[in-house]
Amino acid sequence: MQVMIFKRVVFETRKRPKGLLRPKTKPNLKDFAHHAWPRTPTERLLTDLQGTSAKFLAILEALSETHRRTLHCEAPTPDAEDTAIDVCAELFFAGMDIIAGGGGTKQSHVVKHEGGIHSSVWELQNTSLMELVAKGENGVPLPALVKFVKHAFSYEQWEPFGILIEPTLQLLQEQSDINSLVDIKTLQLMLALEPFYNTVKKPKKTPAHTDEGETAAHTHGKSGSALEELTHLADVIQSCSEEPFKSAILMKDSDMMVDVALFLWSKCKPHFQRIMSSSLENCKQLLNDVFVNRWLYILTVVHTALSWSNAASFDPILSAEVTLKFSLLLECKAGLTDHSRVGSADMDTPAPTVSPEHVDTKQVGS
């Protein structure tokens with residue numbers, strides 16, 4: 001009951017009365033990272049809950065929205081006072097501290113806030129968060145941590161997401177249950193989708209740490225790097241079609257695959273827009289592209305993902321469009337291959353030789 005009350009109060013208490021024109025100050029949360037709890041108005045409300053497990057459950061519930069799908073990535077809608085944005089930032093700020101071992105409690109092995117995850121997350125991997133809350137204990141189980149990372153992606157909180165995503169994936173890799181299999185692919189998809197939503201530019205790699213593929217991408221400029229990101233996303237989607245991940249995803253969250261396949265299709269659809277028939281003239285420009293094999297691979301992944309996730313059952317028109325583009329491109333590519341084979345065969349055929357017996361006698365006589 002306290003958790004549900006917190007979910008409502010944490011937003012309602014931040015709204016200022018109408019007509020109040022007092023200027024609003026927005027402090028930098030990083031300045032309070034090493035201060036003692038409570039550091040923010042949100043944490044003051046959390047102090048009424050006993051144990052960090054209850055505090056973390058309250059944070060998860062406050063961030064939960066029924067309309068958000070798994071890969072739904074959208075920051076809170078800003079209001080006139082940015083109340084929702086400020087509260088969400090404070091919720092993630094408090095959640096990060098609890099995950100690191102803080103939260104207003106004295107623990108023996110506290111990990112620094114910048115360090116990421118407290119060792120108790122692994123120790124409590126098979127414990128329910130509700131059990132810890134009922135006992136008033138401290139700690140964050142692994143499933144609760146995964147849910148928090150998903151919320152960080154969903155709310156575009158890129159700093160917490162970047163800090164937690166890799167260590168969380170490492171912990172999940174050691175699990176083999178069906179929920180962990182789905183969570184592994186979900187977080188990998190989120191990591192592959194991040195560049196399309198995160199507008200903050202990451203530092204470029206030095207030439208010493210850049211492989212040949214990345215060098216080729218940078219050589220072709222911005223379009224090359226975008227294609228690299230699309231190809232990486234396609235690789236992750238393709239890995240989801242392998243067992244045992246495929247069966248786990250179909251059982252738990254098949255809509256996730258439909259969403260990510262549609263996202264990938266929306267990014268590559270303009271590239272295939274000009275393909276209206278299988279004629280060579282219609283496809284010549286696309287097939288002459290130096291990255292034609294990559295684009296064909298991406299389209300193959302989209303078609304495969306939509307097929308096994310049964311997207312045709314609710315959007316047959318879109319599925320038919322993808323299938324049509326895919327078949328036309330394959331037919332056109334096959335026709336081009338046949339033409340090249342015929343041309344090479346003609347070039348390899350030796351010129352007919354004229355023997356002395358076939359020489360025209362009249363020409364000789366003349």
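Quick notes on the overall build of the protein
Here's step 1: Each helix and strand counted, the protein has 17 helices and zero strands in total.
Here's step 2: Scored against the burial criterion, the 366 residues of the protein give a buried share of 42%.
Here's step 3: Long-range pairs, those at least 24 residues apart, make up 72% of the contacts in the protein with a sequence separation of at least 6.
Here's step 4: For the protein, the exposed area adds up to about 20700 Å²; of that, 56% sits on carbon and sulfur atoms.

With respect to the nonpolar core
Here's step 1: In terms of nonpolar packing, the biggest core is built from 87 residues, with L145, F148, L189, L233, I237, M257 and L264 touching the most fellow members.
Here's step 2: Ranked by residue count, the leading element in this core is helix α15 (residues 292-308), at ten residues.
Here's step 3: Among residues more than four places away in sequence, those in contact with L145 are F56, I99, I117, V121, V140, L164, T168 and L171.

Some details on the packing of helix α7 (residues 142-154) against helix α8 (residues 158-173)
For any two helices packed against each other, the geometry is given by the interaxial angle and the distance between the axes.
Here's step 1: Packing of α7 against α8 brings their axes to within 9 Å, and their N-to-C directions diverge by 145 degrees. When the axes of α7 and α8 are compared, the crossing they make is left-handed. Taken together, the residues of α8 that come into contact with α7 (itself represented by L142, L145, V146, F148, V149, A152 and F153) are W158, P160, F161, L164, I165, T168, L171 and L172.
Here's step 2: When its residues are assigned to classes, the contact of α7 with α8 shows 14 nonpolar, one polar and no charged.

Concerning helix α12 (residues 245-252)
Residue pairs three or four apart in sequence face the same way in an α-helix, which turns once every 3.6 residues.
Here's step 1: Inspection of α12 places F245, A248 and I249 among the buried residues, and these make up the whole buried set. Taken around the axis of α12, the buried residues stretch over an arc of 95 degrees, which confines them to a single face.

As for the pattern of salt bridges
Here's step 1: This structure, assessed with the given rule, holds eight salt bridges.
Here's step 2: For D97, the salt bridge is made with R39, and the minimal N-O distance between the two is 3.8 Å. Remark: R39 occurs in the loop between α1 (2-12) and α2 (41-46) and D97 occurs in helix α4 (residues 83-99); sequence separation between them is 58 residues. R39 carries the same exposure label as D97, and that label is buried.
Here's step 3: In this structure, D255 engages R69 in a salt bridge whose closest nitrogen and oxygen atoms are separated by 4.0 Å. Placement of the pair is D255 in helix α13 (residues 254-268) and R69 in the loop between α3 (52-63) and α4, with a sequence separation of 186 residues.

Structural notes on unusual backbone geometry
Here's step 1: Each neighbour pair has its own omega, and for E243 with P244 the value is 5 degrees, a cis peptide bond.
Here's step 2: Locating P244 in the fold gives a position in the loop between α11 (221-240) and α12.
Here's step 3: Its identity is not glycine, yet E156 carries a phi of approximately 60 degrees, on the positive side.
Here's step 4: Within the secondary structure, E156 sits in the loop between α7 and α8.
Here's step 5: Positive phi values are uncommon outside glycine, yet N310 reaches one of about 60 degrees.
Here's step 6: Checked against the element boundaries, N310 lands in the loop between α15 and α16 (316-348).

Topic: the packing of aromatic side chains
Here's step 1: The final tally for this structure, using the stated rule, is ten aromatic pairs.
Here's step 2: For the pair F92 and F148, a centre-to-centre distance of 5.3 Å together with 55 degrees between the ring planes defines the contact as tilted. Here F92, found in helix α4, pairs with F148, found in helix α7; they are 56 residues apart in sequence, far enough to count as distant.
Here's step 3: Note on F153 and Y197: the rings are 6.1 Å apart at their centroids and 90 degrees apart in plane angle, and the pair reads as edge-to-face. Pair noted here: F153 is in helix α7 and Y197 is in helix α9 (residues 178-197), with a separation of 44 residues, a long-range link.
Here's step 4: Residue F153 is classed as buried on the basis of its relative accessible area of 0%.
Here's step 5: Following the ring pairs from residue to residue traces out a cluster consisting of F153, W158, F161, F196, Y197 and F263.
Here's step 6: The lysine or arginine in question, R68, covers the ring of Y155, its NZ or CZ lying 4.1 Å from the ring centre.

Quick look at the packing of α3 against α7
Here's step 1: Running from N to C, α3 and α7 cross one another at 35 degrees; their axes reach a closest spacing of 11 Å. In the crossing of α3 with α7, the sense of the turn from one axis to the other is left-handed. Facing α3, whose interface residues are F56, I59, L60 and L63, α7 presents A144, L145, K147, F148 and H151.
Here's step 2: Per-class residue counts for the contact of α3 with α7 are seven nonpolar, one polar and one charged.

Observations concerning the confidence of the model for the protein
Here's step 1: Overall, the prediction assigns the protein a mean pLDDT of 77, with 72% of residues at 70 or greater.
Here's step 2: Segment residues 107-114: pLDDT under 50, and 19 contacts once partners within four positions in sequence are set aside and those in other chains are kept.
Here's step 3: Here residues 204-224 is modelled with pLDDT under 50, and outside its nearest four sequence neighbours on either side it reaches ten contacts, counting other chains as well.

Digging into α3
Here's step 1: Between its first and last C-alpha atoms α3 spans 17 Å; for twelve residues at 1.5 Å apiece the expected length is 16 Å, and the two agree.
Here's step 2: Of the residues making up α3, those classed as buried are T52, S53, A54, K55, F56, L57, A58, I59, L60, A62 and L63.
Here's step 3: The inward-facing, buried residues of α3 contact α1, α2, α4, α6 (129-135) and α7.

Considerations on the side chain of S53
Here's step 1: Turning to its location among the elements, S53 is positioned in helix α3.
Here's step 2: Leave out the neighbours within four places in its chain, and S53 touches L129, L132, V133, E137, N138 and G139.

Each value, and the rule that gives it
Residues numbered from 1 in each chain as written. Predicted model: local features only at pLDDT ≥ 70, side-chain atom pairs only at ≥ 80, totals over all residues. Heavy atoms only, no water. Helix = DSSP H or I, 4+ residues; strand = E, 2+ residues; numbered from the N terminus. Buried < 20%, exposed > 50% of the residue type's maximum accessible area, 1.4 Å probe, protein only. Contact = heavy atoms within 4.5 Å. Areas by Shrake-Rupley, 256 points an atom, 1.4 Å probe, with all protein chains shown as cover. Core = buried A, V, L, I, M, F, W, Y, C linked by side-chain atoms within 4.5 Å. Axes fitted to C-alpha atoms, helices over the stretch in contact; angles between N-to-C directions. Left-handed = near helix turned anticlockwise from the far one by under 90°. Nonpolar A, V, L, I, M, F, W, Y, C, P; charged D, E, K, R; others polar. Arc of directions from axis to C-beta. Salt bridge = Lys/Arg side-chain N within 4 Å of Asp/Glu carboxyl O. Phe/Tyr/Trp six-rings, centres within 6.5 Å; stacked < 30°, edge-to-face > 60°. Lys NZ or Arg CZ within 6 Å of the ring centre and 35° of its normal. pLDDT = per-residue confidence, 0-100. Expected span 1.5 Å × (residues − 1).

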